[in-house]
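# Descriptive analysis of the structure
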Amino acid sequence: AQSVSQHNHHVILSEAASLELGCNYSYGGTVNLFWYVQYPGQHLQLLLKYFSGDPLVKGIKGFEAEFIKSKFSFNLRKPSVQWSDTAEYFCAVNALGTSYDKVIFGPGTSLSVIP
Amino acid sequence: DGGITQSPKYLFRKEGQNVTLSCEQNLNHDAMYWYRQDPGQGLRLIYYSQIVNDFQKGDIAEGYSVSREKKESFPLTVTSAQKNPTAFYLCATGLGASYNEQFFGPGTRLTVL
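Read on for a plain summary of the structure. (Residues numbered from 1 in each chain as written. Chains lettered and ligands numbered in written order. Predicted model: local features only at pLDDT ≥ 70, side-chain atom pairs only at ≥ 80, totals over all residues. Heavy atoms only, no water.)

## What about the overall build of chain A?
Counting secondary structure elements, chain A contains 0 helices and 12 strands. Secondary structure elements of chain A occur, N-terminal to C-terminal, as β-β-β-β-β-β-β-β-β-β-β-β. For 115 residues, the compact-globule formula gives about 13 Å, and the C-alpha radius of gyration of chain A, at 14 Å, lands near that figure. Overall, chain A is about 45 × 30 × 20 Å in size when its C-alpha atoms are taken along their principal axes. Taking all 115 residues of chain A together, 46% fall into the buried category. Contacts in chain A between residues at least 24 apart in sequence constitute 56% of all its contacts with a sequence separation of at least 6. Per element, the accessible surface of chain A, about 5,400 Å² overall, is 54% carbon and sulfur. (Helix = DSSP H or I, 4+ residues; strand = E, 2+ residues; numbered from the N terminus. Rg over C-alpha atoms; globule rule 2.2 N^0.38 Å. Buried < 20%, exposed > 50% of the residue type's maximum accessible area, 1.4 Å probe, protein only. Contact = heavy atoms within 4.5 Å. Areas by Shrake-Rupley, 256 points an atom, 1.4 Å probe, with all protein chains shown as cover.)

Quick look at the structure:
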């Protein structure tokens, strides 16, 4: 069965530090990839997505992610975090051509940014 | 005001009782989804519906039931058969294919006493 793993359960950074959150999935075929963010007290919302083309995708609020097919990875990055980036981040994968048509979410990474 | 409404925000129930969580949308999206969010486990799919009067089981459908009588509404019933119902429940909508972006409601936190 397909699965999604996220490397860190909880990350703590100081403001202006660089961020990289790891995401790996287990599926050898074609995938669509997503990062969602859940700010405290707010709805889960899309940060960025990859369907095809340039493996480096840019999202909202200065976030970007790189799809490395050979590593089955889709890591999220931001060069300089702000206190307002404190949130829970979820990686999600849609495995195309499987017997069911759904998105599988990773367990989430909680990011705390210290002012 | 467009979006997804879930009610109530907090819900308490006694063991052995069924309870229905509401999800309404005015985004005109065909697909609707119910997820359960538990700490450290991400979101797990309970049920989904891509058109009215049709729905499919997700990964953890046991102890849950749904209906899709209208495009705008996708209520979830947590039955007494669900062994561990205390959780945060999220409703989402989409444009009809799961590889598109999903839009999430504010969630309902259910606590079984």
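Having seen the structure, we can now continue with the description.
## Comments concerning the overall build of chain B
Scanning chain B for helices and strands turns up 0 helices and 11 strands. In sequence order, the secondary structure elements of chain B are arranged as β-β-β-β-β-β-β-β-β-β-β. Radius of gyration (C-alpha) of chain B: 13 Å, near the 13 Å computed for a compact globule of 113 residues. C-alpha extents for chain B along the principal axes are approximately 35 × 30 × 30 Å. Of all 113 residues assigned to chain B, the portion counted as buried reaches 50%. In chain B, the share of contacts with a sequence separation of at least 24, taken over all contacts with a separation of at least 6, comes to 54%. The average position of the 11 basic charges and that of the 11 acidic charges among the side chains of chain B differ by 8 Å. (Lys, Arg positive; Asp, Glu negative; His and termini not counted. Charge placed at Lys NZ, Arg CZ, Asp CG, Glu CD.)

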